[in-house]
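Structural characterization, general
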Amino acid sequence: MKWFFLCWRKYAQFKGRARRKEYWWFTLIMSVIFFLLLFILSIYGNAVEEPKFSTRSLLILMAILMISYVPAAAVMTRRLHDIGKSGKWTVTYIAITMIVQYLINYMSLNAFGFLILLAYIVFNTIFIIWLARDSQPGDNPWGSNPKASPANISPTSNTVTE
């Protein structure tokens, strides 16, 4: 849980490096929170005889997504820095995801749509491989290796080293 809370303490910090643990724990816990909330809101919607996903439920889910958007982008950027990639890849990832979501929602799945979807799957696979890679050893332009010293969360600098 310390890795999850570290991301929230570093809410909008796009500089520095993040370990795999920090990125993946944040992603896992936010996914669990989102899906549990989705499940609870769907049950609640059925209990009060509203549509399964009422406007209120969707607003709550959208609020959670919007609140977690900045720390998710920040930890992804720091994770990319840790493997020696520029944070510009985070912007590229978000832009491509938004474009593909738009195309999927407003296009029929013809041959062109299928190729876009296939390219998006390949792009996501590359990103997952990048995010799962081990830290770049030693220092890089974004800072020192966070695995350089024993596990410790410094309360003053909000950094984790291990």
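Residues numbered from 1 in each chain as written. Predicted model: local features only at pLDDT ≥ 70, side-chain atom pairs only at ≥ 80, totals over all residues. Heavy atoms only, no water.

**Details of the environment of Gly-143**
Of note, Gly-143 is situated in the loop between α5 (111–132) and β1 (152–154). When its relative accessible area of 26% is taken as the criterion, Gly-143 is described as partly exposed. Sequence separation between Gly-143 and Asp-82 is 61 residues, and the spatial gap between their C-alpha atoms is 8.3 Å. With sequence-adjacent residues up to four places away left out, Gly-143 is seen in contact with Arg-17 and Gly-138. (Helix = DSSP H or I, 4+ residues; strand = E, 2+ residues; numbered from the N terminus. Buried < 20%, exposed > 50% of the residue type's maximum accessible area, 1.4 Å probe, protein only. Contact = heavy atoms within 4.5 Å.)

**Digging into the confidence of the model for the protein chain**
Scored by pLDDT, the protein chain has a mean of 83; 85% of the residues are at 70 or more. Note on residues 152–156: pLDDT is under 50 here. Beyond four places in sequence and across chains, it has eight contacts. (pLDDT = per-residue confidence, 0-100.)

**A look at the pattern of salt bridges**
Using the criterion set out here, one finds five salt bridges in the structure. A salt bridge links Arg-79 to Asp-82, with the nearest nitrogen and oxygen atoms 2.6 Å apart. Here Asp-82 and Arg-79 lie together in helix α3 (residues 55–82), a separation of three residues that amounts to about one turn. One network of salt bridges, in which partners are shared, links Arg-17, Arg-79 and Asp-82. (Salt bridge = Lys/Arg side-chain N within 4 Å of Asp/Glu carboxyl O.)

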